[in-house]
Amino acid sequence: SRSNHVQEHAEWITNRIRSTVRDGLELWNRKDELFPNLIFCEAVGKQLQSLKNPILQLIKNRLSELEDYCKTWTEEAFEPNSLRNVSPESQVTLQNPKYSKERMFLCPDGKERVFSWHAKLSFGWRIYFFPTEDKMIIIGYVGSHLRTVKYSN
């Protein structure tokens, strides 16, 4: 093989490396290597470390999609149409203090932010994220569906 082969197969190599993650603890410990364009809030550590299959695979795949989006992000503004099954939280939920507080996460830079954007997964799970101005994504929450005005269980 030659060095240009690595470049030609970079996506396959990356996917292969990601597929070797065995559990949530390993996913958390290797997050910087696997997802260099994603920034993880500290609270996500406990959420990821407790993951087991099959939800581990779903989370890993969606984080990979967010990472891949960041690598090709060229527009000034975040383009949600480039990602599948993501949406902002409804305004009625965000305007309700009880529910907006559940979407406020402490980021590694010490700032608390309201995370409206979320990726919807099977089993009612969500990944709440915050696109930054420098074309990275902060991951604020990985877990079951948060309460909303319509879904208050």
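Since this is a predicted model, take the numbers as computed values, not measurements. (Residues numbered from 1 in each chain as written. Predicted model: local features only at pLDDT ≥ 70, side-chain atom pairs only at ≥ 80, totals over all residues. Heavy atoms only, no water.)

(A) Main features of the packing of aromatic side chains. Tallied over the entire structure, the rule returns 12 aromatic pairs. Centroid distance W28 to F40: 6.1 Å. Interplanar angle 85°. Geometry classified as edge-to-face. Here F40 lies in strand 1 (residues 38-40) and W28 lies in helix 3 (residues 24-29), a separation of 12 residues in the sequence. An identical accessibility class is assigned to W28 and F40; each is buried. (Phe/Tyr/Trp six-rings, centres within 6.5 Å; stacked < 30°, edge-to-face > 60°. Helix = DSSP H or I, 4+ residues; strand = E, 2+ residues; numbered from the N terminus. Buried < 20%, exposed > 50% of the residue type's maximum accessible area, 1.4 Å probe, protein only.)

(B) Geometry of the nonpolar core. With 36 residues, the main nonpolar core has L48, L63 and I139 as its most contacted residues. Those elements that place two or more of their residues in this core are helix 3, strand 1, helix 5 (43-49), helix 6 (55-72), strand 6 (125-131) and strand 7 (137-144). Broken down by element, the residue count for this core peaks at 7 residues, all from helix 6. Discounting residues that sit within four places of it in the chain, L63 has contacts with L27, F35, L38, F40, L48, I127 and I139. (Core = buried A, V, L, I, M, F, W, Y, C linked by side-chain atoms within 4.5 Å. Contact = heavy atoms within 4.5 Å.)

(C) Looking closely at the pattern of salt bridges. Scanning the entire structure with this criterion turns up 9 salt bridges. For the salt bridge of R30 with E33, the shortest nitrogen-to-oxygen distance reads 3.0 Å. The class for R30 is buried, based on a relative accessible area of 17%. Here R103 and E89 are joined by a salt bridge, their closest N and O atoms 2.9 Å apart. (Salt bridge = Lys/Arg side-chain N within 4 Å of Asp/Glu carboxyl O.)

(D) Geometry of the environment of T148. You can see T148 is positioned in the segment after strand 7. Each C-alpha atom of the pair T148 and E89 lies 8.7 Å from the other, and the pair is 59 residues apart in sequence. A polar contact is formed between the side chain of T148 and the backbone nitrogen of K150, at a distance of 3.2 Å. (Polar contact = N/O pair within 3.5 Å; in protein donor to acceptor, adjacent residues only side chain to side chain.)

(E) Layout of the sheet that holds strand 1. Strand order across the open sheet formed by 5 strands is 1-7-6-5-2, with mixed pairing between neighbours. Two strands bound the open sheet, and with one partner strand each, they are strand 1 and strand 2 (86-87). (Pairing = 2+ DSSP bridges.)

(F) Focus on the environment of Y69. With respect to the secondary-structure elements, Y69 resides in helix 6. Between the C-alpha atom of Y69 and that of M136, which follows or precedes it by 67 residues, the distance is 9.2 Å. Excluding residues that lie within four positions of it along the chain, Y69 makes contacts with A77, F78, E79, S82, L83 and I137.

(G) Local environment of the side chain of S100. Note that S100 resides in helix 8 (residues 97-101). On the basis of relative accessibility, which here comes to 16%, the residue S100 falls in the buried class. At a separation of 3.4 Å, a polar atom in the side chain of S100 contacts the main-chain carbonyl oxygen of P97. If we skip the residues at most four places from it in the chain, S100 touches T93 and L94.

(H) Region of interest: the pairing of strand 5 (residues 117-120). Of the strand pairs in this sheet, strand 2 and strand 5 are connected by 2 bridges, and their pairing is antiparallel. Across the sheet, V86 pairs through a bridge with A119, a residue of strand 5. Relative to strand 6, strand 5 runs antiparallel, the two sharing 4 bridges. Bridge pairing in strand 6 places W117 opposite F129. Between the antiparallel neighbours strand 5 and strand 6 lie 4 residues, among them F123 with a positive phi of about 65°.

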